[in-house]
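Inside the fold
Chain residues, written in single-letter form:
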Amino acid sequence: LKESYEDPPKQNILGYEPNAYVINHLNIALSKKILRTTIIPNRRTLQIVKVLYQIGCIRQFMILNQHKLNGKVKKILRFTVLFYKTRPYFKGVRLVSTCSRKFRITLSGLKVAMSFLKASVIILSTSKGVMSHNEAINLGIGGLILCVLN
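A brief look at the structure comes next. The structure presented is a predicted model; accordingly, all values stated were derived computationally and were not measured. (Residues numbered from 1 in each chain as written. Predicted model: local features only at pLDDT ≥ 70, side-chain atom pairs only at ≥ 80, totals over all residues. Heavy atoms only, no water.)

What follows deals with the overall build of the protein chain. For the protein chain, the count of helices and strands is four helices and 10 strands. Ordered by position in the sequence, the α and β elements of the protein chain form the string α-β-α-β-β-β-β-β-β-α-β-β-α-β. Expressed as a percentage of the 150 residues in the protein chain, the buried residues total 39%. Put simply, of all contacts in the protein chain between residues at least 6 apart along the chain, 59% involve residues at least 24 apart. (Helix = DSSP H or I, 4+ residues; strand = E, 2+ residues; numbered from the N terminus. Buried < 20%, exposed > 50% of the residue type's maximum accessible area, 1.4 Å probe, protein only. Contact = heavy atoms within 4.5 Å.)

As paired elements, strand S2 (residues 58–67) and strand S3 (residues 73–81) share nine bridges and run antiparallel to each other. Bridged to Ile58 within S3 is Val81. (Pairing = 2+ DSSP bridges.)

What follows deals with the packing of helix H1 (residues 18–32) against helix H2 (residues 43–55). The contact between H1 and H2 brings their axes to 8 Å, and the two run at 45°. Considering their axes alone, H1 and H2 lie oblique with respect to each other. Relative to H2, the crossing made by H1 is right-handed. Contacts between H1 and H2 involve Pro18, Asn19, Tyr21, Val22 and Leu26 on the former and, on the latter, Arg44, Thr45, Ile48, Val49 and Leu52. Considering only residue class, the contact of H1 with H2 consists of seven nonpolar, two polar and one charged. (Axes fitted to C-alpha atoms, helices over the stretch in contact; angles between N-to-C directions. Parallel < 35°, antiparallel > 145°, perpendicular 65-115°, else oblique. Left-handed = near helix turned anticlockwise from the far one by under 90°. Nonpolar A, V, L, I, M, F, W, Y, C, P; charged D, E, K, R; others polar.)

Okay, here's the thing in structure tokens:
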């Protein structure tokens, strides 16, 4: 008799939610005052990093090819956190929506939240992609709250 073995199902490369992956690396860089941070890119992490760059939380980012000893090429995303002298531009990033809990906000809710949040920035996942709350208000749409920068 021959036993057949099946390949295990493919999992997400990151092992967990891409939103949490990027936000956790950003918070670690802010708390330890690390200028450059490296993460494994995928479509979702790249969208979040682009929005953080547009907001001004990240100074620059680049996707690099990392060559391994076994000949494989692995892509990495390296970004630089924006600091003013020794202080970060944002104090911290708070993850709001996770796999187990989702927080959605409407356009009218965004307008009300703007009066309370003042200098904070909300990053949303909308039908038009990942964007800041200002872009969502300009487009007239609401969405899933990913994180809040303060």
